[in-house]
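Results of the structural survey
Each chain is listed here by its residues.
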Amino acid sequence: MVTLDGVMQAPGGSKEDASEGFKYGGWTAPYEDDFSSEAWKKQMKAADLLLGRKTFDIFEGYWPEHASNWPGINDVTKYVLSGTRATSDWENTIFLKSLDDIKKLINGEGSDIKVWGSSKLIQLLLKNDLADELWLNTYPLTLGTGKKLFQDGAIPAAFTLTESLVTPGGVIMAHYKRAGKVSTGTVGI
C-alpha cells in the first residue's frame, strides 16, 4: 500500500506507526469497498512472510486474534529480520539476524515468501536485487511526509506488469514481475 508520493507508513490505522510524528495513520480506510475486498483476498493468499521487526510487532499484536480476516496467517511461517528480538509467542515465527540469513532463505527451496509493510526491509531487498515481484496498491492521495517505499533507493531493474485493476475509489492494484535489466534508447520520430 503506497500513496502517489511513495508513502507507505501506517496505512491501516492511527495507532499502527506514529513514529517521527506521522499523523495520517489509516489513510487507506476511506478507499475500502466490496470491489477492493475481493482483490485483497487474492493478495492475502497464504504464503510464508518475511517481515521487518517493527511490522512484525504490529502484526503480532493484531493478527493472532483476528485470523478470521486473514485465513492462514497463524499457520504460515513468519520470518523476522531483527537485531533486537529473538523470541515470540506467535506460533511459526523464526528470527533472522542478517542479510546473509535472508539470502539463504530466499535462495533455498521452499514456498513463496511475501513481504508486507516493512519499509526498511523492502529497501534492503531492492538494494540487493532480492525482490522478484512487486504488488503495489497505489492510493490516489499524497501525504508529503512518512516512510517511503523507495526512500533509500533501489538498484536499476525492469519489471513487467502481469495483472492490474483499478477500484471504483481510484486505487490502482498492480502486480509486477522482474523482467531483467533496464533497457534504454532514444525517443523520437
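Residues numbered from 1 in each chain as written. Predicted model: local features only at pLDDT ≥ 70, side-chain atom pairs only at ≥ 80, totals over all residues. Heavy atoms only, no water.

1. Let's talk about the sheet that holds strand β5 (residues 113-114)
- Pairing in this open sheet of four strands is parallel, and the strands run β4-β3-β2-β5 from one edge to the other. Single-partner strands in this sheet number two, and they are β4 (93-96) and β5.
- Bridging between strand β3 (residues 78-81) and β4 involves four bridges; their strand directions are parallel. Along β4, the bridge assignment pairs L81 with L96.
- With respect to the sheet, helix α3 (residues 99-107) is in contact with β2 (48-52), β3, β4 and β5, its orientation differing from that of β4 by roughly 130°.
- Against the sheet, helix α4 (residues 119-127) touches β2 and β3, its axis set at about 105° to β2. (Pairing = 2+ DSSP bridges. Helix = DSSP H or I, 4+ residues; strand = E, 2+ residues; numbered from the N terminus. Contact = heavy atoms within 4.5 Å. Axes fitted to C-alpha atoms, helices over the stretch in contact; angles between N-to-C directions.)

2. Structural notes on the packing of aromatic side chains
- A full pass over the atoms with the stated rule returns ten aromatic pairs.
- Their ring planes at 85° and their centres at 5.4 Å tell us that W27 and Y139 sit as a pair that is edge-to-face. Of this pair, W27 sits in the loop between β1 (2-3) and α1 (34-43) while Y139 sits in strand β6 (residues 133-139); the two residues are 112 residues apart in sequence, bridging distant segments of the chain.
- Judged by relative accessible area, which is 1%, Y139 ranks as buried.
- Each ring, one from F56 and one from F95, has its centre 5.7 Å from the other, and the planes form 80°; the classification is edge-to-face. Here F95 lies in strand β4 and F56 lies in helix α2 (residues 53-62), a separation of 39 residues in the sequence. (Phe/Tyr/Trp six-rings, centres within 6.5 Å; stacked < 30°, edge-to-face > 60°. Buried < 20%, exposed > 50% of the residue type's maximum accessible area, 1.4 Å probe, protein only.)

3. Examining the pattern of salt bridges
- All told, the structure shown has five salt bridges when counted by the stated rule.
- Ionic pairing is found between D57 and R85, a salt bridge with its closest N-O pair at 2.7 Å. With a gap of 28 residues between them, D57 in helix α2 and R85 in the loop between β3 and β4 connect regions that are remote in the sequence.
- Among the residues examined, D57 registers a relative accessible area of 28% and is labelled partly exposed. (Salt bridge = Lys/Arg side-chain N within 4 Å of Asp/Glu carboxyl O.)

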